[in-house]
Amino acid sequence: MALAIRVLVLSMISLVILQRIKGDAPELIKLQKPRLMNCRFNKLYQLGDSLSDTGNCIRDRNCEAHLDCRRFPYGMNFFHNATGRCSDGMLTIDFIALESGLPLLNPYKLPSANFKHGANFAVASATALSTEIMAEKKIFNPMTNNSLNVQLDWMSSHFETTCFPDCPKKLKKSLILLGEIGGNEFNYGLLQRKTIEELRKMVPDVVQTITHGVKRAIGFGATRIIVPGNFPIGCVPIFLTQFRTDNSTAYDEYHCLKNLNNFAIFYNHYLQQAIDELKKEYPNITLVYGDYYNAYMWLLKNAVRLVLSVISLVILQEKGNAEELLVKLKKPSLMNCRFDKIYQFGDSLSDTGNCIRESHCGARTACRRLPYGMNFYRKATGRCSDGMLMIDFIALESGLPLLNPYKDRNANFGHGVNFAVAGATALSSEFLAENKIVNTALTNSSLSVQLDWMSSHFQTTCSPDCPGKLKKSLFLVGEIGGNDFCYGLLQGKTMDESRRMIPRVVQTIIHGVRTVIDFGATTIVVPGISPLGCLPVFLTKFTTTNSTAYDEYHCLKDINDLAIFHNHYLQQATDELKKQYPNVTLIYGDCYNAYMWLLQNAVRLGFDDNSLQKACCGMGGEYNYDVDKKCGSPGVPVCVDPSTYISWDGAHLTQNAYSWLARRIIDDILPKLSCKV
């Protein structure tokens, strides 16, 4: 497909699925649990072209040589990493994977990749028809021979080594997306001066090839298949430029070329009819037409209302058990707040790469290397998880790029900064040392240091008008303070000694909130700490045969009581601060109850009931955690499916757990933000 589609259409945010409520009042948009997770897909398989390719073309010598997507500015909003995705960031398939609670799909051509959750066979510039058939029609694909049949051959080879001879059973919970593909035949034809009539004659051959592909997928054992149609190509700048005319009747009300869009409608109608016939032939297969055309037109019609931040163009309709499930991917509610920047302070729960850029902290942390980041392009970015963190999901929910770490001097800070550092404390290292507590992460970047970084940053970016420029910014002061207690408890401090630290920790956090207010912040979230007594690191350290030490979820009551006491003290201090600053939106972020909600509903949300307090990455003991054999150490294994675990490494959570916590916290704070719907 044309590059312009990628720029406008494929910058998507699909981390939530929202429900449209019909009535006389304007359409309401409400944050909901992603319904695709209800389908419990365990694998996704994608075939297609550049709208779906996550890195295959750049691993093909001829294709890569012709592909602009191999280099910047492609990937500029995704860790400044050009992965072969033809967009500034993620693609539709990436958001569908996240909506399904699965990691992003690795490209098939990446030989060392993890394919436990599926594979992406799509290749940029690919066609449904083979290059030989295209050549017979005098249409040339200058980039790749990897047509749909080639991709299906790859799939066949992949299944021979991963599921044969029991593929039908192993693919029972898989979703296959066969397309979008077939658009490039017509794109190449149009750009090589074929007439619309000539292209219409090609439609039966293209559709027949796609339906043959569907039958092959069914033959492998697929039971749930989506076949997307084509976009309104007459709305794409490359064709609007190529076929520009002074004849105003050539354009529709959205200034799209009517003849090209009519052709796309004709093609889609033919494809949909063929799918309907296939449904009769395979009544036990869930076969769904993906209406990309009308999804794009809906976006175009509502673009201004959506602030041109594209959400998802996929409308899927699934039939099963005499019921229809209409899944509509809609606008994340945090986008109603219109935040233009986010600033994050905190520790390893939020650090997106600062610790690894400090000499001592970077040398100490295991988060600098795999398996950390294994489900995020297999790239260890300094995030202490297998993938994304809560702040990543909050940024995406706000319609903003992921936040870059302050210590990355070449980064783009146009949408905010992440100052958080793994291992950081609220209290200074000097104060902790006076109380005989050592920061074992070897970082001195406490909250006050992070605030100093913020001050330096603002001096060069918003001074002298910071209050005006920060008016639409969101500040998250924490979670921070948890490490002050963690280090103390793990180094032998008593519960009473830890309790006596709470006023000083809270005072430090509140001072930090005052500091950001003084710079001009008007919207601030102050998160509390999580139930530490539910973490494998503490369950292992303080294991006991005394059953009364544990609550109904097998969490240590005395350690959770410490967290509750701290959070209560912090919430009271936050409430007092509200009285002093009535014009500032100041919100307590209830991480504790969000975590307990996750624990209580874990099985329903797809987590393994037998692994709720076990580390995915670790070894030894009841909780799969050993302080001498931590995640990232040689020989320490990783669980088969991190998305079914809450704990990643004993102290930090998995990407899937963080995604649910983020949604729960957003649900809680959204009404208090008073954002306009």
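See the structure shown above.
Please read these numbers as outputs of a predicted model, since none were measured by experiment.

Re empty space enclosed by the protein
Okay, so step 1: Counted by the stated rule, this structure contains eight cavities of 30 Å³ or more.
Okay, so step 2: In terms of lining residues, the largest cavity is bounded by 19 residues, among which M390, I394, L476, P527 and C591 are the most central.
Okay, so step 3: For the lining of the largest cavity, the elements supplying multiple residues, two or more each, are helix 13 (390-397), strand 12 (473-477), strand 13 (523-527) and helix 22 (655-673).
Okay, so step 4: By residue class, the composition of the lining of the largest cavity is 13 nonpolar, five polar and one charged.
Okay, so step 5: Approximately 140 Å³ is the volume found for the second largest cavity.

A few points about the sheet that holds strand 6 (residues 224-228)
Okay, so step 1: On the basis of which strands lie adjacent, the open sheet formed by five strands has the order 4-3-5-6-7 and parallel pairing. A single partner strand is all that each edge strand has here, and the edge strands are strand 4 (118-120) and strand 7 (286-290). Between one strand axis and the next, the sheet turns through 15 degrees on average, direction left out of account.
Okay, so step 2: Against the sheet, helix 5 (residues 148-162) contacts strand 3 (43-47), strand 4 and strand 5 (174-178), and its axis sits at roughly 150 degrees relative to strand 3.

Concerning the side chain of S130
Okay, so step 1: Here S130 lies in the loop between strand 4 and helix 4 (131-136).
Okay, so step 2: A polar contact of 3.2 Å, which involves the side chain of S130, links it to the backbone nitrogen of I133.

Examining the packing of aromatic side chains
Okay, so step 1: Counting across every chain of the model gives 23 aromatic pairs.
Okay, so step 2: Residues F231 and Y292 carry aromatic rings whose centres are separated by 5.2 Å and whose planes lie at 45 degrees to one another, so their mutual orientation is tilted. Highlighted residues: F231 in the loop between strand 6 and helix 9 (237-242) and Y292 in helix 11 (residues 292-301), separated in sequence by 61 residues.
Okay, so step 3: The exposure class of F231 is buried, given its relative accessible area of 1%.
Okay, so step 4: Ring geometry for F231 against Y296: centres 5.8 Å apart, planes inclined by 70 degrees, an arrangement best described as edge-to-face. Of this pair, F231 sits in the loop between strand 6 and helix 9 while Y296 sits in helix 11, and the two are 65 residues apart along the sequence.
Okay, so step 5: Three or more aromatic residues joined by ring pairs form one cluster here, namely Y343, F345, Y406, F419, W453, F458, F475 and F519.
Okay, so step 6: One cation-aromatic arrangement involves R200 over F266; the distance from NZ or CZ to the ring centre is 4.3 Å.
Okay, so step 7: Sitting over the ring of F565, R499 keeps its end group 4.7 Å from the ring centre.

With respect to the packing of helix 17 (residues 482-490) against helix 18 (residues 495-519)
Okay, so step 1: Where helix 17 contacts helix 18, the two axes come as close as 10 Å, and the packing angle between them is 160 degrees. With respect to helix 18, the element helix 17 is oriented roughly antiparallel. Judged by the twist between their axes, the crossing of helix 17 over helix 18 is right-handed. Contact residues: D484, F485 and L489 in helix 17; M495, S498, M501, I502 and V505 in helix 18.
Okay, so step 2: Of the residues contributing to the contact of helix 17 with helix 18, the split by class is six nonpolar, one polar and one charged.

Structural notes on helix 8 (residues 196-220)
Okay, so step 1: Along its 25 residues, helix 8 runs 36 Å from first to last C-alpha, staying within 8% of the 36 Å computed at 1.5 Å per residue.
Okay, so step 2: By the largest-angle criterion, M202 marks the main kink of helix 8, which is about 35 degrees, and a proline, P204, follows within four residues.
Okay, so step 3: Residue G221 follows helix 8 closely and has a positive phi angle near 125 degrees.

Cut-offs applied
- Residues numbered from 1 in each chain as written.
- Predicted model: local features only at pLDDT ≥ 70, side-chain atom pairs only at ≥ 80, totals over all residues.
- Heavy atoms only, no water.
- 1 Å grid on protein atoms, 1.4 Å probe; cavity = no way out; pocket = protein on both sides within 12 Å on 5 of 7 lines; lining within 4 Å.
- Points joined across faces, edges and corners; volume = space filled by probe spheres on them.
- Helix = DSSP H or I, 4+ residues; strand = E, 2+ residues; numbered from the N terminus.
- Nonpolar A, V, L, I, M, F, W, Y, C, P; charged D, E, K, R; others polar.
- Pairing = 2+ DSSP bridges.
- Axes fitted to C-alpha atoms, helices over the stretch in contact; angles between N-to-C directions.
- Contact = heavy atoms within 4.5 Å.
- Polar contact = N/O pair within 3.5 Å; in protein donor to acceptor, adjacent residues only side chain to side chain.
- Phe/Tyr/Trp six-rings, centres within 6.5 Å; stacked < 30°, edge-to-face > 60°.
- Buried < 20%, exposed > 50% of the residue type's maximum accessible area, 1.4 Å probe, protein only.
- Lys NZ or Arg CZ within 6 Å of the ring centre and 35° of its normal.
- Parallel < 35°, antiparallel > 145°, perpendicular 65-115°, else oblique.
- Left-handed = near helix turned anticlockwise from the far one by under 90°.
- Expected span 1.5 Å × (residues − 1).
- Bend = angle between axes of the 7 residues up to and from the residue.

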